[in-house]
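Chain by chain, the residues:
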Amino acid sequence: SPTFLKLQYPSLYLHHRLIFPTEELTACELETTMELLKQPHHCFLVFLFGLVLLFPAALSWKDAVTHVHQFVIQEASVKRLCKTQHVMTVNGMYPGPTLEIKNGDTLSVKVINKGKYNITIHWHGVRQMRTGWADGPEFVTQCPIRPGGSYTYRFTVRGQEGTLWWHAHSTWLRATVYGALLIQPREGTNFPFAKPNRQSTLLLGEWWNANPVDVVREATRTGAAPNISDAYTINGQPGDLYNCSKQDTVVVPISSGETNLLRVVNSAMNQPLFFTIANHKFTVVGADASYVKPFTTSVLMLGPGQTTDVLISGDQTPGRYYMAARAYQSAQNAPFDNTTTTAILEYSKSSSAAKPIMPRLPAFNDTPTVTAFSTSFRSREKALVPAQVDENLFFTVGLGLNSCPPNFNKTQQCQGPNGTRFTASMNNVSFSLPSNFSLLQAHKQGIRGVFTTDFPAAPPRVFDYTGNVSRSLFQPATGTKLYRLKYGSRVQVVLQGTSIVTPENHPIHLHGYDFYIIAEGFGNFNPKTDSSKFNLVDPPLRNTAAVPVGGWAVIRFVADNPGVWLMHCHLDVHITWGLAMAFLVEDGVGKLEAIEPPPEDLPICS
């Protein structure tokens, strides 16, 4: 261990620190290291010691395989809530296929678009190290796959284990085009907990008795909020409490004495969700494909985009127990879908005719329960969180209202509050995607006029972010602004919610990176007092941070993945309104610190 090396063999300890740095070398260590490296045998020892430590890892990667899949985007008829809708699917499946790989494996997925809309696929939470062309957000890392076209996403998943997912990243197609991505431990290794008897995946979704693309297009036309969903779903099924749904309710098996792993994904479009099981407790063991220190809870809350892995024990009287999900609604006076979706946890040898037991769910606005849950997450091991930062950024996130343009019909096109149109922004910039080039293509090819790199490091005006905000701050500017980061820079971002229009819990997702959530709180972030709350020992590693309603969250990461990476609210209505920005991470030194060349079949804009 490093501690043993430090006590018994200090020079070997320094070699270990050079190869696996967890924090900056002290001045004494740095001076000693420079002296050691002047001696040839120590340079060789660093090399040899590195080989010895890395050899077992190299052996574990040797069995990595490439999984080849084909996704055909096509329209299919799906009947829910007594009505048949024609929706976009992958291979005619709703939800789409579950992909299962091991840590270290490569995925090659050819997407063939036989639908009527442009489409891209995003691999939510995959680091995409140097493979940014495969990330998927439309007009960010690629132009869309046109109807009749195809594109092969090829990337390796390394250093991540647990549950991720994939979904469409074009308009509102992800309402039906999504599926799970399960990452098992790499060959020769095990879970950091007892192997579960079985594993089940639960995708929480939303369903409209309409074409989701038409729903968002109508909202864009009117400037109002889009129609709320008609149901929530578990693995595509609404469950017993909805009309015409009981016969297809999802059943999850369990036997007495078993310990099973549940992989829960919030793939809903616009709603954070509570999830619970009657008479059962969860042991949370992972989130966003990272292991966490286990903790026990009776309820989960997931923002859209987030995943949580939990263990459940078959320790109750054999029978049938409802698994239920419904809204966590933090925005006051905003309409929302207040229905409840269910599946059934069914013990073996129990009667299928027995009426399932219903759990008690938190109140829709139960923020204390959400806070208790979200602040329980800790990394399983000591975290490699940067102790110092090179970039200290402060981003406001929230809604806004645009005045009705002079050429618009106020009755038909400005149906937001008081004759306005809804918008959203980060640091008072409402993000606008290009339509002629992707941002990554423009960056790598040096195409001018597509974006600028002047996204502000702080809001243009300091104000009482969570108090009564002046109406003069409700209307943001519009732009395609990126923030430039040097390769290897250590970045801190304060994500500050605002009360403009209404405060709300915002699930903020960063593409291409995991980050440490080192603190969260309510009100306005105060660097003088709130910095003392930073957890730099074992903060959770996530790809989507639920910024508390009327509050803030602080994240840190190292900019070690070159490319253009979108950061946005994963409530799709908010990204539609512009609650997004993008980081441009420069190449480092040499081939291994640069993004790979674009694939030959990368779609072009036309």
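Up top you'll find the structure we're talking about.
Residues numbered from 1 in each chain as written. Predicted model: local features only at pLDDT ≥ 70, side-chain atom pairs only at ≥ 80, totals over all residues. Heavy atoms only, no water.

(A) Region of interest: the sheet that holds strand β24 (residues 482-485). As summarised here, the arrangement of the five strands in space is β24-β32-β31-β26-β29, forming an open sheet in which the pairing is mixed. Here the strands that pair on one side only, and so sit at the sheet edges, are β24 and β29 (544-547). If you compare each strand with its neighbour and ignore which way they point, the axes differ by 20° on average. (Pairing = 2+ DSSP bridges. Helix = DSSP H or I, 4+ residues; strand = E, 2+ residues; numbered from the N terminus. Axes fitted to C-alpha atoms, helices over the stretch in contact; angles between N-to-C directions.)

(B) Up close: the packing of aromatic side chains. Taken as a whole and assessed by the stated rule, the structure comprises 29 aromatic pairs. Each ring, one from Y483 and one from F583, has its centre 6.4 Å from the other, and the planes form 85°; the classification is edge-to-face. Placement of the pair is Y483 in strand β24 and F583 in strand β32 (residues 580-585), with a sequence separation of 100 residues. Among the residues examined, Y483 registers a relative accessible area of 13% and is labelled buried. In this structure F583 comes out as buried when scored by relative accessible area, which is 1%. (Phe/Tyr/Trp six-rings, centres within 6.5 Å; stacked < 30°, edge-to-face > 60°. Buried < 20%, exposed > 50% of the residue type's maximum accessible area, 1.4 Å probe, protein only.)

(C) Up close: the pattern of salt bridges. Applying the stated criterion across every chain, the model contains 16 salt bridges. The partner of R378 in a salt bridge is D538, and the shortest N-O contact between them spans 3.9 Å. Placement of R378 in the loop between α6 (367-374) and β20 (391-402) and of D538 in the loop between α9 (527-530) and β28 (541-542) is noted, with a sequence separation of 160 residues between them. Among the residues examined, R378 registers a relative accessible area of 33% and is labelled partly exposed. Among the salt bridges present, the one from D587 reaches K444, with a minimum N-O distance of 3.0 Å. A residue pair is termed long-range when its members are at least 10 positions apart, and D587 in the segment after β32 and K444 in helix α8 (residues 439-445) qualify at 143 residues. Residue classification places D587 among the partly exposed positions, given a relative accessible area of 32%. Among the residues examined, K444 registers a relative accessible area of 36% and is labelled partly exposed. (Salt bridge = Lys/Arg side-chain N within 4 Å of Asp/Glu carboxyl O.)

(D) Up close: the nonpolar core. Membership of the largest hydrophobic core comes to 59 residues, with the highest contact counts inside it found for F395, M426, V493, L495, F557, M567 and F583. Here this core gets six residues from one element, more than from any other, and that element is β20. Leaving out residues up to four positions away in the same chain, F395 has contacts with M426, N427, F455, P456, A457, V493, V494, L495, Q496, M567, M581 and F583. Within the second largest apolar cluster, 53 residues are counted, among which are I234, V299, M323 and Y347. (Core = buried A, V, L, I, M, F, W, Y, C linked by side-chain atoms within 4.5 Å. Contact = heavy atoms within 4.5 Å.)

(E) A look at the pairing of strand β17 (residues 307-313). With six of seven residues buried, β17 lies mostly within the body of the structure. Here strand β12 (residues 259-266) runs beside β17; their pairing, made up of seven bridges, is antiparallel. Bridging from a neighbouring strand, V264 pairs with T308 of β17. Inspection of the sheet shows strand β14 (residues 282-287) paired to β17 by four bridges, in the antiparallel sense. Across the sheet, the residue bridging to T283 is L311, located in β17.

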